[in-house]
Amino acid sequence: MTGHVAAELFPVTALEDGALADPGDRLLFDALQERHVPVTPRLTRALRQMRAASEPAAVPPWGQAYERAGAAIGLSGRFGRSALWAEMTDQFVAVLAEPLLRQAAVNLGRALVTQHGDAPPRPGDREGAAAACAALEAEVGRLLSVPAAMPDGFWSHAGLALLSAARQRTAESRQARSRPTRVQAMLARLVYDVEPELPAGSEWQRRQQKATLTSHVQRAGRRPREGGVTGVIHTRRLEDVDAALSATFAYPPDLLVPRLMEEGFLITHRPPRKKPRRDLLLLVLNDAGIEDGPASVVKAAWTDATLRLSMLLKQAQMLQTEVGWTDVTADGTIPAALSLEALDRDAQLAISGAAAAAALSGELRRGMVSKSSLVPAAFSAVPRQDGRDLPADQRLRRALQELTAECQNAAALAARAAARPGQGAATAPLRDVSDYGLVMLLRIAPLAAGDGPAAPVRDIDWPRDRARILRETGLQTRARAVLGEILLPRAIVPGARLSAATDIAPQAFHIDIPTGAETPSQGLAELIGTLSDWMIGQVMQAIHAG
């Protein structure tokens, strides 16, 4: 919102008689004017009415802003419909009203400014003030009626900020702090305003998803060879004869049968594999900065991949899965976790499978994000705990511990929600990541090995990089673990390259930033779609390989 704005200065007495008779209206009007926010008495009165309304969205003209903000994040008709939103009028003013008023002034090229005091109006002041108020109100009405009149990303960022503040207020208390929750603006725009374009024909889009993880293989036959040999045991069961040690049959035939029946025989002991209590644990450690172009693009792709994976894993009956992302900064970590069980319940989708996952788009996709527990945690720009005193070489280790704890808490909440009323949680708390059948850990790191434009650019050497990830994160688990990494360029510009590798595909996989896109948004849509498709493919290959 930039542009030349000329101030139209009038004494406050030039305003319509009785326009600010209410002390509350006058207090809010003066507060906005002191922050150089152009506003009229009528618009100020409407803001005050919202504070006392049981349904603020019904108060014109500002109530329309609630509908625009909710629709931008897939929640049409949800914002401003209860007294909770009336309590959040301060957030509304900061996130929606002030930017709209400033943009209206920029569009008009002039801003209404009043002088305090009791000085009488000069000739023509009343008419000028009335015209200025009418022009500002008309322009605000136009901005509310035409969503595209505001800058790109405004409505989605405002909607996400309001939703985050509402959830924070509900979770903590009705006395929560009044300042708006700070969200990552670029990430909000990439998630809500850019529609990913997935490549056609990926293997996961063609394949029927089945629960082929080892933990889901049912025992078949009398002595399935599920686990390794742990020793020998003594038995007299005739059904175990075919598993007897070869030395058992060294006796003459006339002695063999009596010995087998009377003394028994030895067989190898193959206990079945322990069936994990949960399916998958998918973790991402972002060590490449926040509110940064490349890292935000990858996080937007991860968000999209999470939604589509929930549909694939629902068909495979593997929704007992948690996903987590944490931003590792010098000031601390910003973890976010989600249980796919909870996502499926909150989204209330009756569809699943590869076709539905590939076709996910529009308001349905945006609504899934907004209804999930990713909001506000995944979009927050504020570390949850101060980590500035932590040594740099301990940050990833601590980040992994905190993210794992977040995922375990998400699993516990999902189990509690799935339990029948009055029966408590369906399962005991998880002990560690070994309770999962498969653990996947993906690290996001900068491509440049250092700061500054002259820093050397490194490529992936997977054996070396894998050893570094294990050393720096301290990952230890008895569960099957699959590791991976993505190296990011300094900026998302045409011709730049992202590099990735995993245990599933150790050869470096390069993703080039599209150069032939007609618009920047189309290029971002292709890039996010390619990254999302790659992430989904790696997860599904890891499942089928297990």
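Residues numbered from 1 in each chain as written. Predicted model: local features only at pLDDT ≥ 70, side-chain atom pairs only at ≥ 80, totals over all residues. Heavy atoms only, no water.

### Points about the overall build of the protein
Reasoning step 1: A count of helical and extended segments in the protein gives 17 helices and 11 strands.
Reasoning step 2: When burial is assessed residue by residue, the protein has 49% of its 546 residues classed as buried.
Reasoning step 3: Here the contacts in the protein between residues at least 6 apart in sequence split such that 76% fall between residues at least 24 apart.
Reasoning step 4: Total accessible area on the protein stands at roughly 25400 Å², and carbon and sulfur atoms take up 52% of it. (Helix = DSSP H or I, 4+ residues; strand = E, 2+ residues; numbered from the N terminus. Buried < 20%, exposed > 50% of the residue type's maximum accessible area, 1.4 Å probe, protein only. Contact = heavy atoms within 4.5 Å. Areas by Shrake-Rupley, 256 points an atom, 1.4 Å probe, with all protein chains shown as cover.)

### Details of the nonpolar core
Reasoning step 1: Residues Trp 62, Leu 96, Trp 155, Phe 379 and Ile 486 are the most contacted members of the largest nonpolar core, which totals 124 residues.
Reasoning step 2: The leading source of residues in this core is helix H11 (residues 293-315), at 12 residues.
Reasoning step 3: Among residues more than four places away in sequence, those in contact with Phe 379 are Leu 160, Arg 182, Val 183, Gln 184, Leu 187, Ala 188, Val 191, Tyr 192, Val 369 and Leu 374.
Reasoning step 4: Residues Leu 285, Tyr 436, Trp 462 and Leu 483 belong to the second largest nonpolar core, which totals 26 residues. (Core = buried A, V, L, I, M, F, W, Y, C linked by side-chain atoms within 4.5 Å.)

### Considering empty space enclosed by the protein
Reasoning step 1: Applying the stated criterion across every chain, the model contains three cavities of 30 Å³ or more.
Reasoning step 2: In this structure, the largest cavity spans a volume of roughly 220 Å³.
Reasoning step 3: Val 284, Met 440, Leu 442, Met 535 and Val 539 are the residues nearest the centre of the largest cavity, which is lined by 19 residues in total.
Reasoning step 4: Counting residues per element, the ones that place at least two in the lining of the largest cavity are strand E5 (278-286), H11, strand E8 (436-446), strand E9 (480-488) and helix H17 (520-545).
Reasoning step 5: Tallied by class, residues from the lining of the largest cavity come to 15 nonpolar, four polar and no charged.
Reasoning step 6: Together, Glu 8, Leu 108, Arg 110, Ala 111, Leu 112, Ala 132 and Leu 136 line the second largest cavity.
Reasoning step 7: Going through the elements one at a time, strand E2 (110-115) and helix H6 (125-145) are the ones with two or more residues in the lining of the second largest cavity.
Reasoning step 8: Per element, the largest residue contribution to the lining of the second largest cavity is three residues, and it comes from E2. (1 Å grid on protein atoms, 1.4 Å probe; cavity = no way out; pocket = protein on both sides within 12 Å on 5 of 7 lines; lining within 4 Å. Points joined across faces, edges and corners; volume = space filled by probe spheres on them. Nonpolar A, V, L, I, M, F, W, Y, C, P; charged D, E, K, R; others polar.)

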